[in-house]
Amino acid sequence: MRFSLYTLLFCHFIFAQTQYPKDYFRAPLDIPMQLSGNFGELRPNHFHAGFDLKTNQREGLNVYAVADGYISRIKISTFGNGKCIYITHPNGYTSVYGHLQTAIGPIQDYIQKTHYKEKAFEIEMFPKPNELPVTKGQLIALSGNTGSSEGPHLHFEIRDTKSEFVINPMFFGFDKNIKDTKKPSVSSLLVYPMENTVVNQSKQPIMVNMSLQKDGTYLAGKVKANGKIGFGISAVDFDDVSGNKNGVFNVSTFVNGNQNYNYQFNTYSFDEMRYVNALIDYPRYKKSGQRVQKLFMKTPYALSIIKTDSLRGIVVVDPNLASTYRIEVSDYYGNLSSITVPIEYDTATPVVKEEPIVSKYFIRANRDANFEKDNMSVFFPAGTFYDDFNMNFDVKNNKVYVHEDVIPVHSNFTITIKDDSYEEALRDKLFIGRVGSYNGTTRKGDVFTAKSKTLGQFGLVLDTIAPKISITKSIQDKWISDVKKIQFTISDSISGIKSYNGYLNGDWVLFEYDNKTRKITHTFDDALLAEGANDLKIEVTDNVGNTAVFETHFFRSQQK
């Protein structure tokens, strides 16, 4: 096999190891640390930015400041990290605590005042260094299940304060809190033919069998090819206490002992998160749900954790030369799984042909592209995609068909639709939707424009239906002196909810929104209630301006 000279010195494969403080931070919870998600784990459209810490499947556990510092940011959101607190520490790092149920003491008072000042549930605050100081071990919040959390847990991160790069918390001594003697598990190995290569009589990616050897390593079946190939693996890691499938820490590959590809989850920026879709075999993931991590770059992309040789991890199989390819997968603790793959040159006729190309269009990832038909157009700026590909594009039945969601999109592309068939009064109720979902749409006359990061089918959608509001338990004309909370369900079936507001006796009051249950909840405050009769109004507006109003009247006595 022919090898190119490395474009990077071998030492570049060894990631620079910053000397992170090992004993500076304490654990954010006072229960034994168990992970339900680790740093770098592969998630939809992003790498996981920290630890997900188990909270015994319940909410309300004490959350502590991991070190002295001050609260520098608080974000309350219905998605993402939900209720989230950021603490800046004097040693140059910031700790992050997400999916909280509530903050505690002066921190919660600060949040509550901001809710009422801004008259909004979703808020973001940046306290000054002297406003909310905290000490190591101070109780700052209770754990919860807010935002996009799929179950009660604490999301915990450590960031470089200046660069805002996220850093693997293991480097800060948290590895001492978790026992791990288990090797990562590699469940599948794939080989990818490139250009006109045939591999194991296939011109499509093909699975390679593996067998466990007596020494604990794996030996793969022989790979026979006649050109450029790449490899991919499905791999997860387990520790001794958590029982969850987590992401692997380090993957390295070698050709005849020479390293040609490596990535290690040390630190990266939020701008790099979406490159997870370039790292994995995205079409396979969308079709089967299996995340195969590609161990090569067909086209270079700027994910800083990856280091490669001049061939970007691609292996060239030449005549008369047999070679050995080795994959090493390890966790933070050094537990290692190794796979050896014998490779030899072969010119066998393919049995599995290439998938037929039915599209009329070819996209070059590094060039702008614009497609128009009838009254619809799509514009892709250079860099929208990771690789060149053959694209399907068509307009029919008042919809624009932009391939399908099996090609990863890195940045926004633009859809434009011109339609003068609607009367002016209805045009503000139109939006560009993808398979029933809302895309933020702007309008200039009869021209509608939206952006998307997902391929698929788009068209104009008319929404003249107001959202729905329903009360969990009616309070109309009732005395509810002992009721502590009131709850409503709000929903919108077409464009989705944009905003909601609650008013008690004409004054705005806070309702917290849970996107998972579509419920808004208000906790009564005697200071805001009138003795006797009270009026409550809820207003909910969708993304095109349709508004629903719910009003009720109840009685309240503050006498115990």
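Criteria and thresholds
Residues numbered from 1 in each chain as written. Predicted model: local features only at pLDDT ≥ 70, side-chain atom pairs only at ≥ 80, totals over all residues. Heavy atoms only, no water. Core = buried A, V, L, I, M, F, W, Y, C linked by side-chain atoms within 4.5 Å. Buried < 20%, exposed > 50% of the residue type's maximum accessible area, 1.4 Å probe, protein only. Contact = heavy atoms within 4.5 Å. Helix = DSSP H or I, 4+ residues; strand = E, 2+ residues; numbered from the N terminus. Expected span 1.5 Å × (residues − 1). Phe/Tyr/Trp six-rings, centres within 6.5 Å; stacked < 30°, edge-to-face > 60°. Pairing = 2+ DSSP bridges. Axes fitted to C-alpha atoms, helices over the stretch in contact; angles between N-to-C directions.

Focus on the nonpolar core
Argument step 1. Ranked by size, the top nonpolar core spans 109 residues in total, and within it Ile85, Tyr97, Ile140, Ile229 and Phe231 carry the most contacts.
Argument step 2. When residues no more than four places from it in sequence are discounted, the contact partners of Ile140 are Val63, Tyr64, Ala65, Ile85, Ile87, Tyr97, Ala103, Ile104, Ile107 and Val134.
Argument step 3. Counting residues in each nonpolar core, the second largest holds 27 residues, with Phe385, Val400, Val402 and Ile407 among its members.

Quick word on helix α1 (residues 106–118)
Argument step 1. The terminal C-alpha atoms of α1, which comprises 13 residues, lie 18 Å apart, in line with the 18 Å expected from a rise of 1.5 Å per residue.
Argument step 2. Where the residues of α1 are buried, they touch β6 (69–76), β7 (83–88), β9 (100–103), β10 (123–125), β12 (139–143) and β44 (507–509).
Argument step 3. Backbone geometry just downstream of α1 places Lys119 in the positive-phi region, at approximately 50°.

Looking at the packing of aromatic side chains
A ring pair, where both rings are aromatic, is described by two values, the distance of the centres and the angle of the planes.
Argument step 1. Evaluation of the coordinates by the stated rule reveals 39 aromatic pairs.
Argument step 2. Ring geometry for Tyr24 versus Phe25: centroids 5.1 Å apart, planes at 90°, classification edge-to-face.
Argument step 3. Judged by its relative accessible area of 26%, Tyr24 falls in the partly exposed class.
Argument step 4. Residue class for Phe25 comes out buried when judged on its relative accessible area of 7%.
Argument step 5. What links up through ring pairs into an aromatic cluster is the set Tyr20, Tyr24, Phe25, Tyr93, Phe171, Phe172, Phe249, Tyr332 and Tyr333.

Quick word on the sheet that holds strand β31 (residues 376–380)
Argument step 1. Taken together, the 5 strands give an open sheet; going across it, the order is β30-β31-β35-β39-β38, and neighbouring strands pair in antiparallel fashion. Looking at the sheet topology across the chains shown, the edges are occupied by β30 (369–373) and β38 (441–444). Taken over all neighbouring pairs, the strand axes of this sheet differ in orientation by 15° on average, direction set aside.
Argument step 2. Inspection of the sheet shows β38 paired to strand β39 (residues 447–452) by 4 bridges, in the antiparallel sense. By the bridge assignment for β39, Lys444 is matched with Val447.

As for the sheet that holds strand β36 (residues 430–434)
Argument step 1. Spatial ordering of the open sheet is given by β33-β34-β40-β36-β37, a layout of 5 strands whose pairing is antiparallel. Strands at the two margins of the open sheet, each flanked by one partner only, are β33 (393–396) and β37 (437–438).
Argument step 2. Bridge analysis of strand β34 (residues 399–402) against strand β40 (residues 456–462) gives 4 bridges, and the strand direction is antiparallel. Residue pairing for β40: Tyr401 is matched across the bridge by Gln457.

A short note on the environment of Val378
Argument step 1. As for its position among the elements, Val378 is in strand β31.
Argument step 2. Residue classification places Val378 among the buried positions, given a relative accessible area of 0%.
Argument step 3. Once the C-alpha coordinates of Val378 and Met210 are considered, the two residues, 168 residues apart in sequence, prove to be 44 Å apart.

Structural notes on the pairing of strand β41 (residues 468–471)
Argument step 1. What you see with β41 is a clean split: Ile469 and Ile471 sit on the buried side and Lys468 and Ser470 on the side with no burial.
Argument step 2. With 4 bridges joining them, β41 and strand β42 (residues 485–491) adopt antiparallel strand pairing. Looking across to β42, one finds that Ile471 is bridged to Phe488.

Function-wise, these values are silent; they only describe arrangement.
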